[in-house]
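Fold and geometry: a report
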Amino acid sequence: MSNIVILTGAGISAESGLETFRAETGLWAQHRVEDVATPEGFARDPRLVVDFYNMRREQAEAAQPNAAHEALARLEAEHDGNLLVVTQNVDSLHERAGSRNLIHMHGALNSALCAACDHRWPASMVMNVGDKCPSCAAPAARPDIVWFGEMPYQMDQIFDALAQVDLFAAIGTSGNVYPAAGFVAEARRAGAETVEINLERSAVGSQFSNVILGPATRTVPDWVAGILKR
Ligand code: OAD
């Protein structure tokens, strides 16, 4: 069991008080995806988009990592092999819990990106439309978030890891957004054991060899303890 890849989604941060997207009262029930999570939405109304991520940055900064984030950091520290966490989340709760080998495939709230030259820098708590890039000085700062229609980050690295994975786990993700929802198929092609850990079966749940249902702060620490005993 030397190579472990773990995909996480909004469900792992739910018990830290951060809203998921597709719950009945979740973020996508309160905001239109087209308005706040697409390049076209940003071009149309940058103020609305910047404010949406300012609000989420404030909530994410106030949140604390929970027992599930902590268990994954423990697994990375104690597992005798490689472990990569690939998160779709834009909060920083994995790194604050101690995860180190981590890919933010959908970007990060605490990062700003220059739309003119691709330079990245730590985002201020409150970004403004037209903030200047510290590298090229273009007034082209945007949240460093992957919007619908844009390519998720570090896909080569993720697919390289999936090609050699022995154990793949997906935690707290509804399996609605690709390419992440396709990782389980990729892991199966590599011959990996696959486990879904979620509150309910996801849209791709039938593709996993194992399913563990329940709140992440309970299921993930138990699952990690079991892996470390193997
Ligand atoms: P979703 O909101 O689609 O799904 C969250 C999943 O977590 C659901 O299947 C819930 O049942 C589950 N869940 C909720 N609370 C949980 C808990 N306490 N313990 C365990 N599971 C729980 O969020 P994602 O799958 O992360 O992308 O969404 C994927 C992407 O869609 C996001 O990264 C975002 C969004 O649009 C972009 O903005 C580009």
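Predicted model, so just to flag it, every value in this text is computed and none were measured. (Residues numbered from 1 in each chain as written. Predicted model: local features only at pLDDT ≥ 70, side-chain atom pairs only at ≥ 80, totals over all residues. Heavy atoms only, no water.)

1. Quick notes on the domain arrangement of the protein
Along its sequence, the protein is carved into domain 1 (3-17 + 65-106 + 152-229) and domain 2 (19-62 + 108-145). With 15 residues of domain 1 at the interface, the matching set in domain 2 holds 14 residues. Together, the buried faces of domain 1 and domain 2 total about 1,000 Å²; carbon and sulfur atoms form 54% of this surface. Its largest share of buried area at the contact with domain 2, domain 1 owes to A10, V90 and Y153, together 45% of the area lost on that side. Here domain 1 and domain 2 share zero salt bridges between them. Counting the contacts that link domain 1 with domain 2 gives four residue pairs in polar contact (both at pLDDT 80 or more). (Domains from an automatic or database assignment. Contact = heavy atoms within 4.5 Å. Buried area = accessible area lost by both parts, 1.4 Å probe. Salt bridge = Lys/Arg side-chain N within 4 Å of Asp/Glu carboxyl O. Polar contact = N/O pair within 3.5 Å; in protein donor to acceptor, adjacent residues only side chain to side chain.)

2. Overview of unusual backbone geometry
Peptide bonds are trans in most cases, and residues, glycine excluded, mostly fall at negative phi. In this structure, the amide linkage connecting Y178 to the following residue, P179, adopts the cis form with an omega of 10°. With respect to the secondary-structure elements, P179 resides in the loop between β7 (167-171) and α8 (183-189). Within the chain, D118 stands out as a residue other than glycine whose phi angle is a positive 70°. With respect to the helices and strands, D118 occurs in the loop between β4 (107-114) and β5 (120-122). A positive phi angle, close to 55°, is found at Q154, a residue other than glycine. In this fold, Q154 is placed in the loop between β6 (141-145) and α7 (155-163). (Helix = DSSP H or I, 4+ residues; strand = E, 2+ residues; numbered from the N terminus.)

3. Section: the site of the ligand
Near the ligand you find 23 residues, and of these A10, F21, R22, T173 and S174 are the closest. Between W28 and the ligand, the recorded distance is 2.9 Å, taken from a side-chain N or O atom to an oxygen atom. One of the backbone N or O atoms of Q88 is found 3.3 Å from an oxygen atom in the ligand. Isolated, the ligand exposes 800 Å² of accessible area, and the fraction of that covered by the protein chains is 93%. Tallied by class, the residues present in the shell around the ligand amount to 10 nonpolar, 10 polar and three charged. Each of domain 1 (3-17 + 65-106 + 152-229) and domain 2 (19-62 + 108-145) contributes no fewer than three residues to the shell around the ligand. (Near = heavy atom within 4 Å. Areas by Shrake-Rupley, 256 points an atom, 1.4 Å probe, with all protein chains shown as cover. Nonpolar A, V, L, I, M, F, W, Y, C, P; charged D, E, K, R; others polar.)

4. Observations concerning the sheet that holds strand β8 (residues 193-198)
Across the sheet, which stays open at both edges, the six strands sit in the order β3-β2-β1-β7-β8-β9 with parallel pairing between neighbours. Pairing within the sheet leaves two strands with one partner each, and these edge strands are β3 (102-104) and β9 (210-213). Direction aside, neighbouring strands of the sheet carry axes that sit 15° apart on average. (Pairing = 2+ DSSP bridges. Axes fitted to C-alpha atoms, helices over the stretch in contact; angles between N-to-C directions.)

5. Let's talk about the pairing of strand β1 (residues 3-8)
Consecutive side chains of a regular strand alternate in pointing toward one face of the sheet and then the other. In terms of residue burial, β1 counts as a mostly covered element, since six of its six residues are buried. Bridging between β1 and strand β2 (residues 82-87) involves six bridges; their strand directions are parallel. Following the sheet pairing, T8 is matched in β2 by T87. In this structure, β1 lies alongside β7, joined through five bridges in parallel fashion. In the sheet register, T8 faces β7, and the bridge partner there is I171. (Buried < 20%, exposed > 50% of the residue type's maximum accessible area, 1.4 Å probe, protein only.)

6. What to know about the packing of aromatic side chains
A complete count under the given rule lists seven aromatic pairs for this structure. Ring geometry for F21 against W28: centres 5.0 Å apart, planes inclined by 40°, an arrangement best described as tilted. W28 carries the same exposure label as F21, and that label is buried. An aromatic cluster of at least three residues, connected via ring pairs, comprises F21, W28, F42, F52, Y53 and W147. (Phe/Tyr/Trp six-rings, centres within 6.5 Å; stacked < 30°, edge-to-face > 60°.)

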